[in-house]
Amino acid sequence: MTLDARTALAGGTPVDWLFTGDSIVAAAKWTGVHRGYADLFAERVRYWLGRRDDTVLNTAVSGWRVPRLRDALETSVLRHAPHVVIIGLGSNDANDGPGGRAAFSREYTDVVRRIQAAGAAVVLQTPPAVAPTQEQAPHLDAYADAVREVAAATGSYLVDHHKTWTADGDDALALLVDGLHPGPEGHQKLARDLLIALGDAHPSWS
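A few points on the structure.

What counts, and at which threshold
Residues numbered from 1 in each chain as written. Predicted model: local features only at pLDDT ≥ 70, side-chain atom pairs only at ≥ 80, totals over all residues. Heavy atoms only, no water. Helix = DSSP H or I, 4+ residues; strand = E, 2+ residues; numbered from the N terminus. Rg over C-alpha atoms; globule rule 2.2 N^0.38 Å. Buried < 20%, exposed > 50% of the residue type's maximum accessible area, 1.4 Å probe, protein only. Contact = heavy atoms within 4.5 Å. Areas by Shrake-Rupley, 256 points an atom, 1.4 Å probe, with all protein chains shown as cover. Lys, Arg positive; Asp, Glu negative; His and termini not counted. Charge placed at Lys NZ, Arg CZ, Asp CG, Glu CD. Expected span 1.5 Å × (residues − 1). Pairing = 2+ DSSP bridges. Axes fitted to C-alpha atoms, helices over the stretch in contact; angles between N-to-C directions. Phe/Tyr/Trp six-rings, centres within 6.5 Å; stacked < 30°, edge-to-face > 60°. Arc of directions from axis to C-beta. Salt bridge = Lys/Arg side-chain N within 4 Å of Asp/Glu carboxyl O. Polar contact = N/O pair within 3.5 Å; in protein donor to acceptor, adjacent residues only side chain to side chain.

### Re the overall build of the chain
Each helix and strand counted, the chain has nine helices and five strands in total. Counting helices and strands in the order they occur from the N terminus, the chain gives β-α-α-β-α-α-β-α-β-α-β-α-α-α. At 16 Å, the chain has a C-alpha radius of gyration in line with the 17 Å of a compact globule built from 206 residues. Seen through its C-alpha atoms, the chain measures out along the principal axes to roughly 45 × 40 × 25 Å. For the chain, with 206 residues in total, the buried portion stands at 50%. Counted over contacts in the chain with a minimum sequence separation of 6, partners at least 24 positions apart contribute 77%. Of the roughly 9,200 Å² of accessible surface on the chain, 51% is carried by carbon and sulfur atoms. Here the chain contributes 19 positive and 25 negative side-chain charges, whose respective centroids are spaced 4 Å apart.

### Here we look at helix H9 (residues 184-197)
Compared with the 20 Å implied by 1.5 Å per residue over 14 residues, the 20 Å span of H9 between its first and last C-alpha is a close match. Two residues or fewer after H9 comes Gly199, characterised by a positive phi angle close to 105°.

### So, the sheet that holds strand E5 (residues 157-159)
Remark on secondary structure: sheet strands pair via backbone hydrogen bonds, oriented parallel or antiparallel. The parallel open sheet is built from five strands, whose spatial order is E2-E1-E3-E4-E5. Strands at the two margins of the open sheet, each flanked by one partner only, are strand E2 (55-58) and E5. Each strand of the sheet is rotated relative to its neighbour by a mean of 20°, with strand direction disregarded. Judged from the three bridges that link them, strand E4 (residues 121-125) and E5 form a sheet pairing that is parallel. Counted as the bridge partner of Leu124 is Leu158 from E5. Across the face of the sheet, helix H5 (residues 101-117) comes into contact with strand E3 (84-88) and E4 while running at roughly 150° to E4.

### Examining the packing of aromatic side chains
Per the stated rule, a full pass over the model turns up six aromatic pairs. Aromatic side chains Tyr47 and Trp48 sit 4.9 Å apart centroid to centroid with 90° between the ring planes, which places their arrangement in the edge-to-face category. Joined through ring pairs, the aromatic side chains of Trp17, Phe19, Tyr37 and Phe41 make up one cluster.

### Remarks on helix H6 (residues 137-154)
Counted at 1.5 Å a residue, the expected span for H6 with its 18 residues is 26 Å, and the 26 Å between its end C-alpha atoms agrees. Those residues of H6 that fall on the buried side of the exposure criterion are Leu140, Tyr143, Ala144, Ala146, Val147, Val150, Ala151 and Thr154. Taken down its axis, H6 places every buried residue within 160° of arc, on the same side. Facing away from the buried surface of H6 by more than 90 degrees, the exposed residues are Pro138 and Ala152. Those residues of H6 hidden inside the fold are in contact with H5, E4, E5 and helix H7 (161-168). Positioned one or two residues after H6, Gly155 has a phi angle of 70°, which is positive.

### Description of the pattern of salt bridges
Opposite charge on two side chains lets them pair, provided their charged atoms get close. One pass over the structure, following the stated rule, counts twelve salt bridges. Salt-bridge contacts for Asp160 lead to Arg148; the nearest nitrogen and oxygen are separated by 2.7 Å. Residue Asp160 is located in the loop between E5 and H7, and its partner Arg148 is located in helix H6; the two are separated by twelve residues in the primary sequence. On the basis of relative accessible area, Asp160 is assigned to the buried category, the value being 19%. Among the residues examined, Arg148 registers a relative accessible area of 23% and is labelled partly exposed.

### Looking at the side chain of Thr20
For Thr20, the location among the structural elements is in strand E1 (residues 16-21). There is a polar contact of 3.0 Å between the side chain of Thr20 and the side chain of Thr59. Apart from residues no more than four positions distant in its own chain, Thr20 is found in contact with Val25, Thr59, Ala60, Trp64, Leu69, Val77, Val85, Ile86, Ile87 and Gly88.

### What to know about the side chain of Asn92
Checked against the element boundaries, Asn92 lands in the loop between E3 and H5. With near-sequence residues (within four places) excluded, Asn92 lies in contact with Asp22, Gly63, Trp64 and Arg65.

Dropping the structure here:
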């Protein structure tokens, strides 16, 4: 039986959570010695919420786009048999501009359906905002819309980081260390917003 990602934190069944996606999810380099949001999620769930039998795995790879995840889906996701898969993609894909949007949607939909067919619930995340100077900036809104459409078409749960980061304007852009990658405070925001979306009303690490 597939778990409902929106209520999994409140249930008594141990949950295997798997994060995958691009460098924002991987949190390599750009957070320095600080933890990325998947690690913050793991601490919140396993320590502060007392879900010690849950597991949290992160298989994200810097530079990944949807086709890379598609090609690596067996080794990066399916072989681990997770209950919930949390995906963060779109920032790199948006570099393909308007001409790549249809393929992005089509291939992302296929990836999600393959994961669902294996019995896992899927949580899709829109990418956070980027600085206006970034190559993908003119196209990121459209790719965030595409993620929303894939979530609706596949019945996946959506966590709309792009909406909240865009609404926060310059305050959110200040959380980026290079105009693209969130720094430590940016990852704290990603973790909080994800946890709140999954039913943790007051996520804290103290």
